[in-house]
Amino acid sequence: MGSPLKKRISQEKRLQLSIIIVNYNVKYFLEQCLFSLQAALTNIESEIFVIDNASTDGSKEYLTKKFNWVHFSWLPENLGFGKANNLALQNATGQYILFLNPDTILPEDSLQQCLQYMHRHPQAGALGVRMIDGSGKFLKESKRMLPTTWVSFYKISGLAALFPRSKKWAAYYAGHLPEKEIGETDILAGAFMMCSRKAIDLTRGFDEDFFMYGEDVDLSYRIQQAGLRNIYFAETTILHFKGESTQRFSREYVNRFYDAMQLFSKKHFTKGGHTWLLSLAINLAKGLAHSKRLMNKGISLPRTKPTDTAIVSTQPEFSRIIHILKNASNPILIKGRIAFGDDDQDAQIGNIKNIDTVIKENQLKQIVFAAETLGFKKIISLTEKIKKPVLFLFHAGGSHSIVGSTKKNNQGITIF
């Protein structure tokens with residue numbers, strides 16, 4: 001692979017941030033992501049590249065006119081995650097590069113916080129953030145250590161689960177580093193990976209031998225080898241649906257993920273004396289994953305009873321969202337609107353200040369969050385604070401869709 005830039009641009013002329021997103025058949029999730037980026041990029045000199053890996057879901061027709069400020073590239077074939085990112089990297093002019101998954105939603109202040117940290121810490125080659133899934137649960141892969149033979153063994157054997165905060169036994173997910181504390185770690189997730197220009201120049205981006213999965217592990221490791229640090233930045237939290245880009249119980253995912261781990265092992269650990277043991281551990285994990293995949297196959301049953309649903313929104317947003325919900329594949333029963341301001345006295349069934357009580361009293365099973373007025377940061381915070389087990393759905397102002405996810409390992413929900 002050649003230089004990551006077609007043209008060398010002086011530091012003074014660089015934009016502050018370049019964002020690169022690889023899309024593959026997730027146009028509605030990408031729509032929500034881009035609307036959240038639009039809010040998060042206020043006062044940041046930036047550019048966004050979306051590289052589409054030959055989607056067949058009408059992404060081009062749906063997204064191009066709606067987001068004319070995004071640089072779209074429509075590839076005729078699926079080149080894989082790493083190669084697609086590197087294509088955009090050739091034209092990226094930012095002082096910092098953010099590799100971002102399309103199935104993410106960002107708070108309004110997240111990018112500004114990350115950029116400020118990177119600017120204050122020049123030895124930081126890459127930065128990842130605290131991530132939660134669509135149900136509000138923390139994603140442990142937000143921070144990881146190098147998957148050496150013993151680190152991998154401790155995870156596969158269950159020792160990591162027995163000692164979740166141990167630096168030794170729970171190293172795979174950096175158990176010693178609290179999820180709400182900033183700290184240095186080995187591996188960052190490619191779902192949100194902000195790199196310095198120096199790190200990009202030294203590593204030349206992703207290794208294109210990795211088609212899908214493992215690229216982030218490899219790039220994180222090479223950034224460390226170049227003498228820079230990988231930082232887990234816990235002061236902002238993003239939402240990563242994950243099931244859209246990683247359908248964990250599919251045969252394709254299991255094969256590609258563990259084959260990528262074998263590739264990483266052969267590339268970086270061939271000089272060690274335990275390469276065969278690590279290979280054995282990866283093959284064992286692959287077998288267990290296939291067994292789990294078969295056990296979970298077909299467990300989801302279609303709903304026939306209408307799902308009791310409330311919408312957190314203003315009255316105008318409420319009317320627009322109801323119009324979209326009419327297209328849901330499963331029947332929905334709208335119980336009413338949940339207000340989020342003391343001055344909102346229009347028809348409502350409660351206020352978000354008492355949302356757990358509102359959920360209980362109305363026996364709600366599903367909540368739709370409207371981001372236009374409430375804001376993405378507040379919504380992400382609410383998904384973690386709500387104690388009652390409900391399904392969360394998300395709608396950005398200006399979008400024509402609603403998205404959500406029941407579990408991080410399953411494909412998400414789209415209503416349009």
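Just so we're clear, the structure is a prediction, and the values are computed from it rather than from any experiment.

K.L.:
Please explain the nonpolar core as it appears in this structure.
P.N.:
For soluble globular proteins, nonpolar side chains are generally found buried alongside one another. By size, the foremost hydrophobic cluster in this structure holds 68 residues, and its most contacted members are L37, L111, F192 and M194. By residue number, the principal contributor to this core is helix α1 (residues 27-40), which donates eight residues. Sequence-distant contacts of F192, defined by excluding residues within four places in its chain, comprise L98, F99, L100, L106, L111, C114, L127, G128, V129 and I238. Among the nonpolar cores identified, the runner-up in size contains 22 residues, and F49, I51, A126 and M193 belong to it.

K.L.:
Explanation requested: helix α14 (residues 376-385) in the structure shown.
P.N.:
Side chains three or four residues apart in an α-helix point the same way, a direct result of the helix having 3.6 residues per turn. Taken together, the buried positions of α14 are occupied by F376, I379, I380, L382 and T383. For α14, the buried positions fall inside an angular range of 160 degrees around the axis, keeping them on one side.

K.L.:
In this structure, what is going on with the pattern of salt bridges? I would like to understand it.
P.N.:
Should the charged atoms of two oppositely charged side chains come close, the side chains can pair. Under the defined criterion, the tally for this structure stands at nine salt bridges. Between R320 and E372 there is a salt bridge, with its nearest N and O atoms 2.7 Å apart. In this pair, R320 is assigned in helix α11 (residues 315-325) and E372 in helix α13 (residues 371-374), connecting sequence segments 52 residues apart. Judged by its relative accessible area of 43%, R320 falls in the partly exposed class.

K.L.:
Help me out: how do you make sense of the pairing of strand β14 (residues 391-395) in this one?
P.N.:
For a regular strand, side chains alternate in direction, first toward one face of the sheet and then toward the other. Most of β14 sits inside the fold, with five of its five residues counted as buried. Residues of β14 alternate between two faces, with L391, L393 and H395 on one and F392 and F394 on the opposite face, all of them buried. Relative to β14, strand β13 (residues 366-370) runs parallel, the two being bridged by five bridges. Within β14, the position partnered with Q366 by the bridge is L391. The pairing of β14 with strand β15 (residues 402-404) spans two bridges and is classified as antiparallel. Its bridge partner being in β15, F394 is matched across the sheet by V403. Linkage of β14 to β15, two consecutive antiparallel strands, is achieved through a turn of six residues, within which G398 is found at a positive phi near 95 degrees.

K.L.:
Just checking my understanding: could you explain the sheet that holds strand β12 (residues 350-351) for this structure?
P.N.:
Across a sheet, strands are paired by hydrogen bonds formed along the backbone, either parallel or antiparallel in direction. Pairing in this open sheet of seven strands is mixed, and the strands run β12-β11-β10-β13-β14-β15-β16 from one edge to the other. The open sheet is flanked by β12 and β16 (413-415), the only strands paired with a single partner. Sheet topology note: the β15/β16 ladder contains three bridges and is antiparallel. Each bridged residue has a counterpart across the sheet, and for V403 the counterpart in β16 is T414. Those strands touched by α1 are β14, β15 and β16, and its axis lies near 100 degrees from that of β15.

K.L.:
What exactly am I supposed to notice about unusual backbone geometry here?
P.N.:
Peptide bonds are trans in most cases, and residues, glycine excluded, mostly fall at negative phi. Here the phi dihedral of N43 falls at roughly 70 degrees; this positive angle occurs in a residue that is not glycine. The residue N43 is located in the loop between α1 and β2 (46-52) in this model. Taking relative accessible area as the criterion, N43 reaches 73% and is therefore assigned exposed. One non-glycine residue with positive phi stands out, namely A174, at about 45 degrees.

K.L.:
Explanation requested: the packing of aromatic side chains in the structure shown.
P.N.:
Describing an aromatic ring pair means giving the distance of the ring centres and the angle of the ring planes. By the definition in use, this model includes 18 aromatic pairs. Pairing F81 with F206 gives two aromatic rings, centres 5.6 Å apart and planes at 70 degrees, and the pair type is edge-to-face. With F81 in helix α3 (residues 81-89) and F206 in the loop between α7 (197-203) and α8 (215-225), this pair connects stretches of sequence that are 125 residues apart. With respect to burial, F81 and F206 carry one shared label: buried. Among the aromatic residues, ring-to-ring pairing joins F29, F241, F369, F392 and F394 into one connected group. Over the aromatic face of Y172 sits the side chain of K155, whose NZ or CZ is 5.0 Å from the ring centroid.

K.L.:
For this particular structure, what's the right way to read α1?
P.N.:
The end-to-end C-alpha separation of α1 is 20 Å, in line with the 20 Å expected for 14 residues at 1.5 Å each. Within α1, twelve of the 14 residues are buried, which leaves the element mostly enclosed by the surrounding structure. Along α1, the residues classified as buried are K27, Y28, F29, L30, E31, Q32, C33, L34, F35, S36, L37 and A40.

K.L.:
Please clarify how the environment of K388 should be interpreted in this entry.
P.N.:
With respect to the element layout, K388 can be found in the loop between α14 and β14. On the basis of relative accessible area, K388 is assigned to the partly exposed category, the value being 32%. With 31 residues separating them along the chain, K388 and T357 place their C-alpha atoms 9.1 Å apart. Contacts of K388, omitting those with residues within four sequence positions, involve D356, I359 and K360.

Definitions and limits used
Per chain, residues are indexed from 1 in the order of the written sequence. Only residues with pLDDT of 70 or above have their local features reported here, since the model is predicted, and side-chain atom pairs are shown and tallied only from 80 upward, although totals for entire chains, interfaces and linings are computed over all residues. Side-chain numbers here rest on the full set of heavy atoms in the structure, without hydrogens or water. For our purposes a nonpolar core is just a set of buried Ala, Val, Leu, Ile, Met, Phe, Trp, Tyr and Cys residues, chained together by side-chain atoms within 4.5 Å. Relative accessibility thresholds used throughout: buried, under 20% of the residue-type maximum; exposed, over 50%; partly exposed, between the two (1.4 Å probe, protein chains only). Each helix is a run of DSSP H or I of at least 4 residues and each strand a run of E of at least 2, with the numbering of both proceeding from the N terminus. Note on contacts: a residue pair qualifies if any of its non-hydrogen atoms lie within 4.5 Å across the two residues. The directions considered for the arc run from the helix axis to the C-beta atoms. Between Lys or Arg on one side and Asp or Glu on the other, a salt bridge is scored when a side-chain nitrogen of the former is within 4 Å of a carboxyl oxygen of the latter. Here the rule is simple: two strands pair whenever DSSP picks up at least two bridges between them. Note on definitions: angles span 0 to 180 degrees between N-to-C directions of axes, and those axes are lines fitted to C-alpha atoms, for helices only across the stretch in contact. Each Phe, Tyr or Trp ring (for Trp, its six-membered ring) is paired with any other whose centre lies within 6.5 Å, and the angle between the two planes then decides the class: stacked below 30 degrees, edge-to-face above 60, tilted in between. Two conditions define a charge sitting above a ring: the NZ of Lys or the CZ of Arg must be within 6 Å of the ring centre, and it must be within 35 degrees of the ring normal. An expected span of 1.5 Å times one less than the residue number is assigned to each helix.

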